[in-house]
Amino acid sequence: MADRVTVIGWDGSPLTAAARSALGAATLVAGAAHHLALPDVPRTAERIRLGSVDLAARRIAAHRGTAVVLADGDPGFFGVVRTLRDPEFGLEVEVVPAVSSVAAAFARAGMPWDDAQVVVAHRRTLRRAVNVCRAHTKVAVLTSPGAGPAELGLLLDGVHRTFVICEELGTEREQVTVVTSDKAADHAWRDPNVVIVIGGAVTAAGGGWIAGRDPGAGPRGWALPAQAYGGVLGEGETDLLRAAQLARLGPRVGDLVWDIGAGSGAFAVEAARCGAAVIAVDRDPDACGRTAAAARHFGVQLQVVHGTAPHILENLPEPDVVRVGGGAAAVVSAVADRRPQCIVAHAATRDEAELVGRDLSEHGYDVECALLQSVELDTRAWTEKERSVAFLLSGRLAERAP
């Protein structure tokens, strides 16, 4: 029985001497159709068309002989190596890598990619991949059938992005196309492809110290004071209330956050700093302008929508978590109909809090309510400077798959 497998990456260029040697000695070769058609694959070797990697791994583990798996690009980067190394199969894995499809795509575009987010999109994760594209200025998307450039463009409706679409990299049919996101659905794209999604202000100069988004960008801390947002915050935007709301919602990369009644944009900006995609809604055009300005100031990506809730919410994409900063019970009810995992709202009186809490409960949410009271002191004389009181409500559904 095989206890060792060699995984060879292929990027369209001639195989290395090490790869040819391993492949020449193979008695079993697994790979996609275009891999199995390579002239270096021994004619006498058993061939497995790679579909389910789990099934292939079981066949390899039961094989008496020398096994090789062929895979596109770097098989250790979102590739087959992770599955083959599962202790269930008892395989020792040796890897002969090639250039990853992501590295090749950025090379074709002539762009650095140490500052890029990299996501895999298939039907189950497409929505989360799109949210990453909303939230970040440079994203590489490893697509799949049914979750390709056209679907990405359709789901980014209302958000302008530029797509660099790299089809069939490393083959004679390789093609690189640059389109805006709203035009991607007008074409038929060949698989496999990688989409580089660019939007917002991409920093071109200087060197980073960590791959992806720099976690140290922007000021340290969360729920920043009013001075960070121009000195004026609304009644429901105090720093301690925002801190509690952020803690309840826990926005994260891949999430879409609705901030309804965005006001100054303080909460929307801080949710975006967590890496989440954010849609900030307000009926006041001046508030929309302040929110957009705050996003530019802090260097985050978010979408600002001018309109009155609940009607304006009907055509927005599905949220994961929602902050209701304005509109009270009617807006909370409309939001709950969309079934986000968590909703937070605040109320000035106990009666208002009870009304919102009952509505959330009737929608199947587990409801918590806390009375938050904060007193700001003047530390020169240690006297009371400002007092704020609010009821914080949160409703949560049972955990759901991403």
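Here goes a summary of the coordinates provided. (Residues numbered from 1 in each chain as written. Predicted model: local features only at pLDDT ≥ 70, side-chain atom pairs only at ≥ 80, totals over all residues. Heavy atoms only, no water.)

## Some remarks on the overall build of the protein chain
Secondary structure summary: the protein chain contains twelve helices and 17 strands in total. With the C-alpha coordinates of the protein chain rotated into their principal frame, the extents come out at 85 × 45 × 40 Å. For the protein chain, with 402 residues in total, the buried portion stands at 48%. Partitioning the intrachain contacts of the protein chain with sequence separation of at least 6 by distance along the chain shows that 61% fall at a separation of at least 24. When the accessible surface of the protein chain is summed, it comes to about 20000 Å², and 52% of that surface belongs to carbon and sulfur atoms. (Helix = DSSP H or I, 4+ residues; strand = E, 2+ residues; numbered from the N terminus. Buried < 20%, exposed > 50% of the residue type's maximum accessible area, 1.4 Å probe, protein only. Contact = heavy atoms within 4.5 Å. Areas by Shrake-Rupley, 256 points an atom, 1.4 Å probe, with all protein chains shown as cover.)

## Overview of a nonpolar patch on the surface
On the surface, F77, F78 and V120 cluster together to form a nonpolar patch covering roughly 250 Å² of accessible area. If you trace the backbone, V120 turns up in strand β6 (residues 117–120). (Patch = residues over 30% accessible without salt bridge, like charges linked within 9 Å, V, L, I, M, F, W, Y side chains within 5 Å. Salt bridge = Lys/Arg side-chain N within 4 Å of Asp/Glu carboxyl O.)

## Topic: the pattern of salt bridges
Close approach of charged atoms allows side chains of opposite charge to pair. Enumeration according to the criterion identifies 18 salt bridges in this entry. Taking the shortest distance from any N to any O, the salt bridge between R242 and E270 comes out at 3.0 Å. One end of the pair, R242, is in helix α8 (residues 239–249); the other, E270, is in helix α9 (residues 266–273), and 28 residues separate them in sequence. Accessibility assignment for this pair places R242 and E270 in one class, buried. A salt bridge links E376 to K385; the nearest nitrogen and oxygen atoms lie 3.8 Å apart.

## Re the nonpolar core
Judged by nonpolar contacts, the single largest core of 28 residues is most densely connected at W258, I260, L313, V324 and V335. Grouped together as the second largest cluster of nonpolar side chains are 23 residues, A271, A280, L302 and C342 included. (Core = buried A, V, L, I, M, F, W, Y, C linked by side-chain atoms within 4.5 Å.)

## Structural notes on the pairing of strand β12 (residues 277–282)
A large share of β12 lies buried, amounting to six of its six residues. The pairing of strand β11 (residues 256–260) with β12 spans five bridges and is classified as parallel. By the bridge assignment, V257 is partnered in β12 with V278. As paired elements, β12 and strand β13 (residues 303–306) share four bridges and run parallel to each other. In the strand pairing of β13, I279 is matched with Q303. Chirality of the crossover, the property in question, places the unit of β12, helix α10 (residues 285–298) and β13 among those that are right-handed. (Pairing = 2+ DSSP bridges. Right-handed = clockwise from strand over helix to strand, strands pointing away.)

## A word on the sheet that holds strand β5 (residues 92–96)
Overall, parallel pairing links the five strands, which are arranged β3-β2-β4-β1-β5 in an open sheet. Each having just a single partner strand, β3 (46–49) and β5 make up the two edges of the open sheet. Averaged over all neighbouring strand pairs, the angle between strand axes comes to 20 degrees, with direction disregarded. Pairing of strand β2 (residues 28–31) with strand β4 (residues 67–72) involves three bridges; the strand directions are parallel. The residue of β4 that forms the bridge with A30 is V69. The sheet contacts of helix α1 (residues 17–24) involve β1 (4–10), β2, β4 and β5, and relative to β1 the element is tilted by about 135 degrees. (Axes fitted to C-alpha atoms, helices over the stretch in contact; angles between N-to-C directions.)

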